[in-house]
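Structural characterization, general
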Amino acid sequence: MQQVTGRKMRLLLAKWTKKFYQGGAIGLLSGVLTQSMSALSFVVAGMVAAGMVTVRQALPVIFWGNAGCGLLVFIAFLDIRVLTLFILGISGICLSFERPQHYKRTVQVLFGLALLFYGLNIVQTSAASFAQEAWFKTLLNYAAYSHLLAFFLGIILSVISQSSAAISILAISMTSAGIFTIEQTMMIIYGANMGSSVLTYLLSAKLRGTPRQLVMSQVLFNIVAVSVLVALFYLEIAGGIPLVKAFVTGLSDNPERQLSCIYLFLNFTGAITLSFFIDRFAGLLERFWPATQVEEWARLAYLQSNMLHDGESALSLMALEHARLIKRFPLYMECVRGAGETAQPELRQSLHQSFLAVSRELESFEEELLKTDLPYEASETLMKLSSRLKMTAGLDYLLHTLSELMVQGSTSADGKKYFHPILESMDFLLLTLSDAVNEDGKDDAQILLQLTHDRSRIMQKMRKNFLATEERMSPDDRMIFLQVTSLFERAVWIIHQLAQELAGDYLSEVRDEK
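Here's what I pulled together on the structure shown here. (Residues numbered from 1 in each chain as written. Predicted model: local features only at pLDDT ≥ 70, side-chain atom pairs only at ≥ 80, totals over all residues. Heavy atoms only, no water.)

1. Concerning the overall build of the protein chain
The secondary structure content of the protein chain amounts to 24 helices and zero strands. Expressed as a percentage of its 514 residues, the buried residues of the protein chain come to 47%. Contacts spanning at least 24 positions in sequence make up 77% of the contacts within the protein chain whose residues lie at least 6 apart. Split by element, the accessible area of the protein chain, about 26200 Å² in all, is 60% carbon and sulfur. (Helix = DSSP H or I, 4+ residues; strand = E, 2+ residues; numbered from the N terminus. Buried < 20%, exposed > 50% of the residue type's maximum accessible area, 1.4 Å probe, protein only. Contact = heavy atoms within 4.5 Å. Areas by Shrake-Rupley, 256 points an atom, 1.4 Å probe, with all protein chains shown as cover.)

2. A short note on the environment of Ser354
Along the chain, the position of Ser354 falls in helix α19 (residues 343–370). Among all residues touching Ser354, those that are not within four sequence positions of it are Val294, Trp297, Ala298 and Arg328.

3. Things to note about the nonpolar core
Formed by 67 residues in total, the largest nonpolar core has its most connected members in Leu59, Phe63, Phe151, Tyr190 and Leu214. With 12 residues, helix α4 (residues 55–76) is the largest single contributor of residues to this core. Sequence-distant contacts of Phe151, defined by excluding residues within four places in its chain, comprise Met187, Tyr190, Gly191, Met194, Val226 and Val230. Within the second largest apolar cluster, 58 residues are counted, among which are Met391, Leu487, Leu498 and Ala499. (Core = buried A, V, L, I, M, F, W, Y, C linked by side-chain atoms within 4.5 Å.)

4. Brief notes about helix α22 (residues 442–451)
Looking at α22, one finds that the buried residues are Ala445, Leu448 and Leu449. Seen end-on, α22 carries its buried residues on one side only, within an arc spanning 105°. Facing away from the buried surface of α22 by more than 90 degrees, the exposed residues are Asp443 and Gln450. (Arc of directions from axis to C-beta.)

5. Structural notes on the packing of aromatic side chains
Per the stated rule, a full pass over the model turns up nine aromatic pairs. The interplanar angle of 65° and the centroid separation of 5.5 Å between the aromatic rings of Phe63 and Phe281 together place this pair among those described as edge-to-face. Within this pair, whereas Phe63 is found in helix α4, its partner Phe281 is found in helix α15 (residues 278–288), the two being separated by 218 residues in sequence. Taking relative accessible area as the criterion, Phe63 reaches 0% and is therefore assigned buried. Ring centres of Phe151 and Phe152 lie 5.8 Å apart, and the angle between their planes is 80°; this geometry places the pair in the edge-to-face category. Three or more aromatic residues joined by ring pairs make a cluster, and in this case those are Phe63, Phe221 and Phe281. (Phe/Tyr/Trp six-rings, centres within 6.5 Å; stacked < 30°, edge-to-face > 60°.)

The structure is reproduced here in structure tokens:
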């Protein structure tokens, strides 16, 4: 998702969800269209992981997505079969002839919605015949003796079907056919929503950080809402206190309408209640499932989307983003030092992927900044920063590959001996480069220029002498050694180019001061 989603789309989605009611409206519509909060939760979690929206912006989508699923069930039991068939036929004809072209997307949406409600109507009409299955009759016999069994039946069927709305519609239709009682169906509806949380929790086992927060918000939504309504159910049944059942039976004499109102009540009540505590809820999620270090790395720390109007300030912040990327480079060498630890390969890959994510953002920002009316000096600075980002990207690729090869070659005692000098040399150069990008890094930039000045002959001589004297080196180690020294040489060349640019920046600052 990160690769297929452009900056403009992310800004548009961020704008749509900036206000609570807009995010809620998107969630309401998404709940109707997806029919499954498990699916919607993972879609929104992917958007958060891609940096399209924040957790705080995405929570209204999750809350009101549940309300959308509730609205779907309610609409499914309205008498709209003729309207559904009419829209299905008209939109189908329009799609076949691809007319009108200007409203093609709208027609596709109408066709999908009509097909959705037509399918739900088929589920309703086939509910009675479905209940004749032998295995389902066995479940019904067990569920008849206990409301709690009906609750667990709802959980199991929801996990299997991956849609609490579909199971609720099926159960409500069976109630209308006299197969279930209203009390049993209420518990099946509650169980189906809880089953949705169980499925979501199981599927999210490998998620970490903010995507995990979004998925767990859906899990907690159902747990809280269902726990409250199940408690009210037993209080009403055992204590004879008129509560939810009494409320919906007073609204209509139609069992289908009564039970669809219960599903609607369950999801809308949860959405409304949690909407008042959204900040505290977001804080709770952050506390138990904090953002990972990799997520922090993969996001811009200084630049904001609203800084395009102030080009000069944006350029200064872009330079800080570049420096932030460079200061993480020494961690590649730490991955080589900890080659025996299982977490190191993950760290190496995380460093590389987070660099790519930030560099894509910076490239997009550069393109948009070029479209603005920048002064000549600012445009020249932007070109320098763009060139520096390309060199930094090349250095990141070399360090990622270099560290991977050095880990492979350091598995033996001899390998560690061969690669240790290269490791320490590169580590020292990267640490010096990290110091050179600081505001007071003038001296470090000069030192770096001297350290990296034309080392190609030295590297060639070292390779020749080393391979001639180390006869014990295996063919594989020799090949890795040649690759490592070649990558090392190329990395040193890029570091030298960066040092030249940094030293040039310091000289420009001195001239400007004079």
